[in-house]
Amino acid sequence: MKIKRYFAPDIRRAIRMVREEQGPEAVILSNRQIEGGVEIVAAIDYDERLLSNEDVTSKTSDHTSDNASKGESGTRPRGVGAYARLKQEQGDKREWQAQLSDDTHWVQDPALVEMRREIKDLRSLLECQMSGLAWGDLERRQPLHARLVRSLMGLGLGAEISRELVREIPLDMAFDQAWLKVIAILVKRIAVTDDDILTQGGVVALLGATGVGKTTTIAKLAARYTLRHGKNSVALISTDNFRVGAHEQLRIYGRILGAPVLVATSPPELQDAIGSQLDKGLILIDTAGFAPLDERIKEQRSLFRVANSPIRHYLVLSATTQIQGVHQAVRQYQGLEFSGTILTKLDEAGSMGPVLSTVIDHHLPVAYVSTGQKVPEDIAPARASNLANHCVSIAQGKHQLPDDEAIEMAYGSMVVTSNV
Ligand SMILES: Nc1nc2c(ncn2[C@@H]2O[C@H](COP(=O)(O)OP(=O)(O)OP(=O)(O)O)[C@@H](O)[C@H]2O)c(=O)[nH]1
Ligand SMILES: [Mg+2]
């Protein structure tokens, strides 16, 4: 039997570490919350008799992870190896066994697995029932609000923001009037930055998921800035060290615009590159796009999380992305402060609801909208009323409202989760 202790920031990652290293046969002996994360003790070739046997002391400490067996982790006992040491120190077998059984969590006990599955099924059944009840309740008690929420969700907006937008609407208002009021509230909730990049200049980095249009948008902004402020007013910096030939696209735009293109792949290089171009009114920094769970995002974040940096960050979001994807795109850059967002691919979007819900939810002002591939034509400063109108007109073009079941589920699960 081989026993090892694992530490991870959360239980999911800790279990993944166990699975990756010890495989599906691994038995999780215990888990507990400790400072900074979760500690799991897992065993492979698990033999229950060994744990109750006197010999366990030497066996477990032989195989426990280095830190645990050397006792580096402080005074608190950790994992099975630590329990064994505790036993040695105290010479009290019963106490050790009692502690082991108190803390042990038999994740793979078939009865527990079955029970957990049943609880999960019951929970989703209950949530489903409550979702239907929550929506039914709204329809019965506040029919105007229910109709408005349905229409807003038809624009692709999330359940929570839809409910918020209608909250202040008097219950006895005529629908058409109420609808105009709701759209006016929506307009107020969309913050914009009023052409800040092209008017203020400065050092600006565009970040965002792969293929959302960062490099194309940089070319559009650089071209527009050059048109306004003349030649030699812009510099471009590529930080994409992750892909072969990554700098080429930017170099081509730089050649066309007569703008220098520099490469920087570490914080000092980036600082030097910025320092060498301070005579320019606008320095635009291009970054590599990554899929949401790509580990290299951390490396990229550390490039930009530099104290007293003059860089303003903008998150580029494609309007063609589904709502979960847009939220994830924002979350993956947590820790970086964004001055605003740039919404791209409005020309291809089937709904503006997901990106608008996301920017409202995360309090991100919209700086620009991109409406096509043409450089420099297809970009404009964001206007809240245009965004809201575009959102409504796309949905009107489709002439379809979400079906009852979809609304019940989305609205109900919002109510259920906000009450948990
Ligand atoms: N339809 C449409 N296409 C766009 C828009 N903006 C960019 N594109 C296209 O989207 C594709 C990807 O654009 P890029 O600028 O290379 O995207 P990126 O974010 O730099 O991509 P990575 O560097 O790979 O992460 C290209 O074909 C662009 O022409 C837009 O507003 N509308
Ligand atoms: Mg690019």
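Residues numbered from 1 in each chain as written. Chains lettered and ligands numbered in written order. Predicted model: local features only at pLDDT ≥ 70, side-chain atom pairs only at ≥ 80, totals over all residues. Heavy atoms only, no water.

Asker: With reference to specific residues and values, describe the overall build of the chain.
Answerer: Within the chain, the regular secondary structure consists of 19 helices and 11 strands. In the chain, buried positions account for 46% of the 420 residues. In the chain, the share of contacts with a sequence separation of at least 24, taken over all contacts with a separation of at least 6, comes to 73%. Element-wise, carbon and sulfur atoms account for 50% of the exposed surface of the chain, whose accessible area totals about 21,700 Å². (Helix = DSSP H or I, 4+ residues; strand = E, 2+ residues; numbered from the N terminus. Buried < 20%, exposed > 50% of the residue type's maximum accessible area, 1.4 Å probe, protein only. Contact = heavy atoms within 4.5 Å. Areas by Shrake-Rupley, 256 points an atom, 1.4 Å probe, with all protein chains shown as cover.)

Asker: Pulling in residues and values, what's your account of the packing of helix α16 (residues 323-331) against helix α17 (residues 353-361)?
Answerer: Where α16 contacts α17, the two axes come as close as 9 Å, and the packing angle between them is 35°. With respect to the hand of their crossing, α16 and α17 are arranged in right-handed fashion. Contacts between α16 and α17 pair Ile 323, Val 326, His 327 and Val 330 from the former with Pro 354, Val 355, Ser 357, Thr 358 and Asp 361 from the latter. Considering only residue class, the contact of α16 with α17 consists of five nonpolar, three polar and one charged. (Axes fitted to C-alpha atoms, helices over the stretch in contact; angles between N-to-C directions. Left-handed = near helix turned anticlockwise from the far one by under 90°. Nonpolar A, V, L, I, M, F, W, Y, C, P; charged D, E, K, R; others polar.)

Asker: Residues and numbers for the site of ligand 1, please.
Answerer: Contacts to ligand 1 come from 17 residues, most closely from Lys 214, Thr 216, Arg 243, Asp 347 and Ser 370. Between ligand 1 and Lys 214, the relevant distance is 2.7 Å, taken from an oxygen atom to a side-chain nitrogen or oxygen of the residue. Between an oxygen atom of ligand 1 and a side-chain N or O atom of Ser 370, the distance comes to 2.5 Å. Summarising the interface, the protein chains cover 82% of the accessible area of ligand 1, which totals 650 Å² for the free molecule. For the shell around ligand 1, the element with the most residues is helix α12 (residues 214-229), which contributes three residues. For the shell around ligand 1, a count of residues per class yields one nonpolar, 11 polar and five charged. (Near = heavy atom within 4 Å. Polar contact = N/O pair within 3.5 Å; in protein donor to acceptor, adjacent residues only side chain to side chain.)

Asker: Describe a nonpolar patch on the surface, listing the residues and the values that go with them.
Answerer: A cluster of nonpolar residues, Leu 126, Met 130 and Leu 133, forms a patch on the protein surface that exposes about 310 Å² of accessible area. Residue position: Met 130 is located in helix α7 (residues 110-141). (Patch = residues over 30% accessible without salt bridge, like charges linked within 9 Å, V, L, I, M, F, W, Y side chains within 5 Å. Salt bridge = Lys/Arg side-chain N within 4 Å of Asp/Glu carboxyl O.)

Asker: I'd like a rundown of the pairing of strand β2 (residues 27-34), residues and numbers included.
Answerer: One ladder, built from seven bridges, connects β2 with strand β3 (residues 37-44); its direction is antiparallel. Opposite Ile 28, over in β3, you have Ala 42 as the bridge partner. The hairpin formed by β2 and β3 contains two residues between the paired strands, and Gly 36 there has a positive phi angle of roughly 85°. (Pairing = 2+ DSSP bridges.)

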